[in-house]
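Fold and contact review
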Amino acid sequence: MARVDFYRLTRDPVERVLPAIATRILEGGNRLLVVAAAALQRQAIDEALWTLQPASFLPHGAAGSPDEAIEPILLAGTLSAPAINGATHVALADGEWREEALAFERAFLLFDNSRIDDARATWRALTTAEGVEIHFWKQDERGRWSEGP
């Protein structure tokens with residue numbers, strides 16, 4: 001069964017939220033594929049994985065690099081399954097749903113208010129999909145995440 005977590009970004013941008021998610025994934029012994037179509041967004045995520053938490057660098061690399069198969073976190077512009085780095089988790093950092101994400105154990109759809117209608121349509125479609133467990137996460141004013149509508 002695939003699990004899809006919807007993260008509505010109302011306070012912090014994706015490059016501030018993604019490192020916390022990635023940390024938990026790596027601590028669980030899993031690998032992550034991060035997908036963002038725009039090169040500038042991948043660059044911002046790359047910088048955040050280096051610098052957001054100074055005490056803990058998150059090992060990562062870019063798709064197409066010589067070490068892509070061994071990277072615990074792989075940044076890519078497109079999604080194909082299975083992931084070249086063996087990731088079982090995928091983060092759709094640009095807010096665009098891709099059906100290939102259902103091939104992963106867990107998918108994270110991170111979206112801001114500009115993609116709210118797309119996220120709602122994806123939610124409705126996935127509620128009727130067989131073998132998919134969906135969750136919604138929202139952020140409060142302090143930056144804490146809670147599950148809910």
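First, a word on scope: everything that follows refers to the structure included in this document.

Cut-off values and rules
- Going along each chain's sequence as written, the residues are numbered from 1 onward.
- In view of the model being predicted, local features appear only for residues whose pLDDT reaches at least 70, and side-chain atom pairs are presented and counted only at 80 or more, with totals across whole chains, interfaces and linings using the full set of residues.
- Values shown for side chains rest on all heavy atoms present in the structure; no hydrogens or waters enter the calculation.
- Where helices and strands are cited, they refer to DSSP runs of H or I of at least four residues and of E of at least two residues respectively, numbered from the N terminus.
- For this measure, only C-alpha atoms enter the radius of gyration; the expected value for a globule follows 2.2 Å times N^0.38, where N is the number of residues.
- For each residue, the accessible area found with a 1.4 Å probe, counting protein chains only, is set against the maximum for its type, and the residue is called buried under 20%, exposed over 50%, and partly exposed in between.
- Whether two residues are in contact is decided by their heavy atoms, any of which lying within 4.5 Å being enough.
- Residue exposure ignores everything except the shown protein chains as possible cover, and the areas themselves are Shrake-Rupley values with a 1.4 Å probe.
- Positive residues here are Lys and Arg, negative ones are Asp and Glu, while His and the chain termini are left out of the count.
- Taken as the charge location is NZ of Lys, CZ of Arg, CG of Asp or CD of Glu.
- Two strands make a pair as long as DSSP finds a minimum of two bridges between them.
- Axis lines are fitted to C-alpha atoms, over the contacting stretch for helices. Their N-to-C directions set the angle, which ranges from 0 to 180 degrees.
- Two aromatic rings, drawn from Phe, Tyr or Trp (for Trp, its six-membered ring), form a pair once their centres lie within 6.5 Å of each other, and the interplanar angle then sorts them: stacked below 30 degrees, edge-to-face above 60, tilted otherwise.

Once that is clear, we can look at the overall build of the chain. Secondary structure assignment for the chain yields three helices and eight strands. Computed over its C-alpha atoms, the radius of gyration of the chain comes to 14 Å, within 12% of the 15 Å expected for a compact globule of 149 residues. Here the chain holds 149 residues, and 43% of them are scored as buried. Considering only residue pairs separated by 6 or more positions, the chain has 61% of its internal contacts joining residues 24 or more positions apart. Counting every atom, the chain has about 7,900 Å² of accessible surface; 50% of that belongs to carbon and sulfur. Computed over 15 positive and 22 negative side-chain charges, the inter-centroid distance for the chain is 7 Å.

Moving on: the sheet that holds strand β7 (residues 132-139). The strand order β3-β4-β2-β5-β6-β1-β7-β8 describes an open sheet built from eight strands, whose pairing is mixed. Each edge of the sheet is formed by a strand with only one pairing partner; in this case those strands are β3 (60-62) and β8 (145-147). Neighbour-to-neighbour, the strand axes of the sheet open up by a mean angle of 20°, direction not taken into account. By the bridge criterion, four bridges tie strand β5 (residues 89-92) to strand β6 (residues 106-111) in an arrangement that is parallel. Considered in β6, the bridge of V90 is made with A107. Where helix α1 (residues 14-27) meets the sheet, its contacts fall on β1 (2-8), β2 (32-35), β4 (73-76), β5, β6 and β8, and the angle it forms with β6 comes to roughly 165°. Where helix α2 (residues 39-51) meets the sheet, its contacts fall on β2, β3 and β4, and the angle it forms with β4 comes to roughly 160°.

The next point concerns the packing of aromatic side chains. The description of two aromatic rings rests on the distance between their centres and on the angle between their planes. In this structure the tally under the stated criterion is seven aromatic pairs. Summarising the aromatic geometry, the rings of Y7 and W145 are spaced 5.0 Å apart at their centres and angled 65° between planes, so their arrangement reads as edge-to-face. Of the two residues, Y7 is situated in strand β1 and W145 in strand β8; the sequence distance between them amounts to 138 residues. Using a relative accessible area of 27% as the deciding quantity, one classes W145 as partly exposed.

Further remarks concern the pairing of β1. Most of β1 sits inside the fold, with five of its seven residues counted as buried. As defined by bridge partners, β1 adjoins β7 across six bridges and the pair is classed as parallel. Each residue of the ladder has a partner; that of A2, found in β7, is V132.

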